[in-house]
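Residue-level structural notes
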Amino acid sequence: MRRLASFALAGILATGALTACAEEPGSSGDDGEGGGTGAGKVAFLMPDLASTRYEQYDAPLFKKRMGELCDECKVIYQNADSDAALQQQQANSAMAQGAKVIVLDPVDSESAATIVQTAQSQGVKVIAYDRPIPTKPADFYVSFDNEAIGESIGQSLVDHLDKESAEGGILQVNGSPTDAAAGLIKKGIHNAVDDSGYKLLAEYDTPDWSPEKAQQWVSGQISQYSGRIAGVVAANDGTGGGSIAAFKAAEAQVPPVTGNDAELAAVQRIIAGDQFNTISKPIKTVAEAAAEVTYAFMQGEKPKADTQLFDTPSQLFEPTVVTQENLKEVIFGPDGVLKAEDVCTREYAKDCKSLGIG
């Protein structure tokens, strides 16, 4: 079992980025301010609204860095809201508007190959962002190490269960079956869980990363494995939240449940003791890296890759597991993701105080 190094979180999400404005899903906008040189349009196409990160962090952070690099560059931002056909239309529209580079976080990693094929045939560079496109190599890939994410949250849970001398088995709630990144997270979870000594009771690939569908599935497993579920490895905070909701609806004790993305609601659940862990991703680092790769392509330069994945030059970043033990430092430190006043609302004030937050 390989040991995963913690990623330095300096400057993960600058507070100012939270005030940056992203267009409504399905719209486009021209943004750009800063002292760079060059000109042209770039498209930043995100996959869904189920995860709040794209609207709150990825889009505004990418735009901000592009503005710093290129004062005449225009960013077309759109969100496909889990509709692969719509994302194809958005990509076609961006190319028709003259986009030189498309930064694409695919709804469906398989069908996104068509977008890559079409773009490259027109001389448009494609940067796969967050989720890979395995069947048709993009020009570059910028992401988190998704297999490491799965292994990290899974190993963190297993270590906790060992410490607590837990008995029973594990449920595994994976992400969308159409998302290649979800497949990597799933593989990483299996790396941690399969030889852990805890039986894998059942697993589920959650369509569209839907919290509601995750809740429905977990509800069925609670009925089937009543009293035998020691923990739940959920691939992100949405599916983790759905899993927790299922236990509460069944009036059953909530076992340790994992997550990923460090969404505000998940951080509150960790503070309250409902969720065991999450992953704090260096979204600022990745969004800015994507902007820098984009700008290099626009200048006719070859971006520097650290590795190769799916035959695609890649930069992969490794994030940090967050539990109650390090939440104050990682989430609320000088370079933290969230503000205590936003998280420690009246409902969570007592628990925040007990953890020394606020």
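Sequence order as written defines the numbering, with residues in each chain counted from 1. Per-residue local features of the predicted model are confined to residues with pLDDT of at least 70, and side-chain atom pairs are confined, for both listing and counting, to 80 or more; whole-chain, interface and lining totals are unaffected and use all residues. Only heavy atoms go into the side-chain values, all of them from the structure, while hydrogens and water stay out.

Helix numbering and strand numbering both begin at the N terminus, where a helix is a DSSP run of H or I of at least 4 residues and a strand a DSSP run of E of at least 2. Along the chain, the regular secondary structure elements total 12 helices and 12 strands. Each residue gets one of three labels from its accessible area relative to the maximum for its type: buried under 20%, exposed over 50%, partly exposed in between, using a 1.4 Å probe on protein chains only. Classification of the 358 residues of the chain by burial places 56% in the buried group. Total accessible area on the chain is roughly 14,600 Å²; 45% of this is exposed by carbon and sulfur atoms. To measure how exposed things are, a 1.4 Å probe is used in the Shrake-Rupley method; for residues, cover is taken only from the protein chains shown.

Below, the discussion takes up the state of the cysteines. Our working definition of a disulfide is a cysteine sulfur pair at a distance within 2.5 Å. On inspection of all chains with the given rule, the structure shows two disulfides. In this model Cys70 forms its disulfide with Cys73; the gap between the sulfur atoms is 1.9 Å. Taking the sign of the S-S torsion, 80° for the link of Cys70 and Cys73, the bridge is right-handed. Owing to a relative accessible area of 0%, Cys70 belongs among the buried residues under this scheme. Sulfur-sulfur distance for the disulfide between Cys344 and Cys352 comes to 2.1 Å. Here the S-S torsion is close to -90°, and the disulfide linking Cys344 with Cys352 is therefore left-handed. The burial state of Cys344 is the same as that of Cys352; both residues are buried.

Here the focus is the pairing of strand S3 (residues 99–104). Burial analysis of S3 places five of its six residues in the buried class, the great majority of the element. In terms of strand pairing, strand S1 (residues 39–46) meets S3 through five bridges, oriented parallel. In the sheet register, Leu45 faces S3, and the bridge partner there is Leu104. With four bridges connecting them, S3 and strand S4 (residues 125–129) associate as parallel partners. Within S4, the position partnered with Val103 by the bridge is Ile127. When the strands point away from the viewer and the path from the first strand over the helix to the second turns clockwise, the crossover is right-handed. Of the crossover connections in this fold, the one passing from S3 over helix H3 (residues 112–121) to the parallel S4 is right-handed. Between any two strands, at least two bridges found by DSSP are needed for them to pair.

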